[in-house]
Amino acid sequence: MSTFPRFGMSSQRGVKRCEMGYKPGMIADPTSLRLALIFTVSLAASLILTGLLRRWLLSRQILDRPNERSAHATPVPRGGGIAILAVLLPAWALIEPVLWPLLLAAAALGAIGWWDDLKGLSPWPRLIAQALAVALGLYLLGPVTQGLLPAPLDLALSGLAWLWFVNLFNFMDGIDGIAGVEAVCIGLGLAVIGLWFANFGDLAALSVALVGAALGFLYWNWHPAKLFLGDVGSQALGFLIGYLLLRTAAAGAWAAALILPLYFLVDASWTLLRRALARENIMAAHAQHIYQQAVHLGRDHGQVAGSLLIANLALIAFALGAEMGERPVSLAGAALTVLVLVRRLLNPPAAERN
């Protein structure tokens, strides 16, 4: 049985395309003012807390020191995800108090990630903790495919997708700015969907809080980064964003939930498949992602993150178009956008100048 009503969401199949939840002309209505307040407080708190956290990390010498796989040359404080979680978890608790079990699971993943940042942790304990968190999240969320699949298959596929997203978000946090840009853009896209259509409850408010918290961190993480997210942030943030995407899919906007994170999905999944086919140890750390290859070819971190930002803005437009009734065209446009981005990233800068 669906648990959508717990979150203020309709249990009807599909997105209500004719019943708009927000009108562009409403620039001073209570919804807009509430969202503006959430964004402003989240952004300001994240900016300030991240700066204070950086000072503390430096004083404790909690640094990410370069190694043969690193994309940075000097030690940089890591653990910036603590500030994001310190902002995002209370914000979500105030917006939707019923989410407290999910937020406790995210905090637990953050704690495990922090231990990994400090002491190191083998992959299996992390994977088990992630699986338990995902199981709890699915218990709260309920079926995602709206009855299209039998309940056991629905939960199994949704759980695997969520678990993969937690890990791929961690894998993709390998250069300055990339994870922050992705979090901001996914949050922005989901906020647009939540505002434009009815049937999404507090999705817009939760997403706007994500945008503010991630943007405040991104100020410190943009190239050259003054602070890294760390596993404390990448695992918990991947878990929370994964929840928002599955919640969006469960409300009927599965195309938007697929389009918004499409580059991260393609890069991480293709890299995993390629390494598996080459019989490499897929659990071992590496530097073979497309974005990492782009840096090795001569692009700096800001160029890669900037290219992703431009592509993600296009993906937001395609996600909105998909939920306005143009799914085949929007899905094709999103796929083409990611293909163009990949080709650009793998094309050496010198070749473009010639």
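Note on numbering: residues in each chain are counted from 1, in written sequence order. Only residues with pLDDT of 70 or above have their local features reported here, since the model is predicted, and side-chain atom pairs are shown and tallied only from 80 upward, although totals for entire chains, interfaces and linings are computed over all residues. Water and hydrogen atoms were dropped before computing side-chain values, which therefore reflect all heavy atoms in the structure.

Let's shift gears to the overall build of the chain. For the chain, the helix and strand inventory stands at 14 helices and two strands. Expressed along its principal axes, the backbone C-alpha trace of the chain runs to roughly 55 × 45 × 45 Å. We call two residues in contact when some of their heavy atoms are within 4.5 Å. A fraction of 78% describes how many contacts in the chain between residues 6 or more apart in sequence connect residues 24 or more apart. We score Asp and Glu as negative and Lys and Arg as positive, and we do not count His or the chain ends. Note that the charge is assigned to NZ on lysines, CZ on arginines, CG on aspartates and CD on glutamates. Within the chain, the 19 negative side-chain charges are centred at a point lying 2 Å from the centre of the 24 positive side-chain charges. Numbering goes from the N terminus for both helices and strands, where a helix is a DSSP run of H or I of at least four residues and a strand is a run of E of at least two.

Let us now look at unusual backbone geometry. Geometrically, the link from H223 to P224 is a cis peptide bond, its omega value of -5° lying close to zero. Among the structural elements, P224 can be located in the loop between α7 (203–221) and α8 (231–250). Phi at Q61 is positive, roughly 55°, even though this residue is not glycine. Relative to the assigned elements, Q61 resides in the loop between α1 (30–59) and β1 (63–64). Using a 1.4 Å probe on the protein chains alone, a residue whose accessible area is under 20% of its type maximum counts as buried, one over 50% counts as exposed, and one in between counts as partly exposed. By relative accessible area, which is 48% here, Q61 ends up partly exposed.

What follows deals with the pattern of salt bridges. Counted as salt bridges are all cases of a side-chain nitrogen of Lys or Arg within 4 Å of a carboxyl oxygen of Asp or Glu. Counted according to the given criterion, the structure contains seven salt bridges. Among the salt bridges present, the one from E96 reaches R247, with a minimum N-O distance of 2.7 Å. Of this pair, E96 sits in the loop between α2 (81–95) and α3 (100–119) while R247 sits in helix α8, placing them 151 residues apart in sequence. A relative accessible area of 1% places R247 in the buried class. Through salt bridges that share partners, D116, R126 and D231 make up one connected network.

What follows is about a nonpolar patch on the surface. Like charges are joined within 9 Å and nonpolar side chains (Val, Leu, Ile, Met, Phe, Trp, Tyr) within 5 Å, but only among residues with over 30% relative accessible area and no salt bridge; these make up the patches. Note that accessible areas follow from Shrake-Rupley with a 1.4 Å probe, and for residues the cover is restricted to the protein chains shown. Taken together, the side chains of L47, I48, L49, L52 and Y219 define a hydrophobic patch exposed on the protein surface, amounting to about 470 Å² of accessible area. No other element matches the four residues that α1 contributes to the nonpolar patch. Tracing the backbone through its elements, the reader meets L52 in helix α1.

Geometry is summarised by axes, namely lines fitted to C-alpha atoms with helices restricted to the contacting stretch, and by angles between N-to-C directions that run from 0 to 180 degrees. Relative orientation of the contacting elements helix α4 (residues 123–141) and α8 amounts to 30°, with a least axis distance of 11 Å. Looking at the two axes, α4 sits roughly parallel to α8. Relative to α8, α4 is oriented so that their crossing is right-handed. In contact with R126, Q130, A133, V134, L138 and L141 of α4, α8 contributes D231, Q235, F239, Y243, L246 and R247. Residue composition of the contact of α4 with α8, grouped by class: seven nonpolar, two polar and three charged. These descriptions rest on fixed angle ranges, namely under 35 degrees for roughly parallel, over 145 for roughly antiparallel, 65 to 115 for roughly perpendicular, and the rest for oblique. Handedness of a crossing is defined here by the sense of rotation of the near helix relative to the far one, left-handed for an anticlockwise turn of less than a right angle and right-handed for a clockwise turn. Gly is placed with the polar residues, together with every amino acid not listed as nonpolar (Ala, Val, Leu, Ile, Met, Phe, Trp, Tyr, Cys and Pro) or charged (Asp, Glu, Lys and Arg).

Attention now goes to the packing of aromatic side chains. Pairing of aromatic side chains requires ring centres within 6.5 Å, counting the rings of Phe and Tyr and the six-membered ring of Trp. Pairs whose planes differ by under 30 degrees are stacked, by over 60 edge-to-face, and all others tilted. Considering all chains together, one arrives at eight aromatic pairs under this definition. Plain terms: the ring middles of W162 and F239 are 5.0 Å apart, the flat faces sit at 10° to each other, and that makes the pair stacked. With W162 in helix α5 (residues 151–171) and F239 in helix α8, this pair connects stretches of sequence that are 77 residues apart. Under the relative-accessibility criterion, F239 is labelled buried at 0%. The rings of W92, W162, F239 and Y243 are connected pair by pair, giving a single aromatic cluster.

Relative to the helices and strands, D231 resides in helix α8. The exposure class assigned to D231 is buried, which follows from its relative accessible area of 16%. Other than its neighbours up to four places away in sequence, D231 contacts G113, D116, D117, R126 and N170.

A few words now on the nonpolar core. Among the nonpolar cores identified, the biggest contains 105 residues, and W92, F239, L240 and Y263 are the most heavily contacted of them. The biggest single contributor to this core is α7, with 13 residues. Setting aside anything within four residues of it in sequence, one finds Y263 in contact with M172, I290, Y291, L308, L315, V338, L341, V342 and L345. We call a set of buried Ala, Val, Leu, Ile, Met, Phe, Trp, Tyr and Cys residues a nonpolar core when their side-chain atoms join them within 4.5 Å.

What follows concerns helix α13 (residues 327–345). When the terminal C-alpha atoms of α13 are compared, their 27 Å separation across 19 residues agrees well with the 27 Å that a helix rising 1.5 Å per residue should span. Turning to α13, its buried residues number three or more, namely R327, S330, G333, A334, T337, V338, L341, V342 and L345. Contact partners of the buried residues in α13: α9 (254–259), α10 (262–277), α11 (290–296) and α12 (301–323). Each helix should span, by expectation, one fewer than its residue count multiplied by 1.5 Å.

With 19 residues, helix α6 (residues 178–196) ought to run about 27 Å at 1.5 Å a step, and its terminal C-alpha atoms sit 27 Å apart, in line with that. Of all 19 residues that make up α6, 16 are buried, and the element is covered over most of its length.

The next thing to look at is the environment of Q303. By the secondary structure assignment, Q303 is in helix α12. Looking at Q303, the relative accessible area reads 37%, which means it is partly exposed.

In this structure, L206 sits in helix α7. When the C-alpha positions of L206 and P30 are compared, they lie 16 Å apart, and in sequence the two are 176 residues distant. Contacts of L206, omitting those with residues within four sequence positions, involve W92, I95, E96, L99, L244 and R247.

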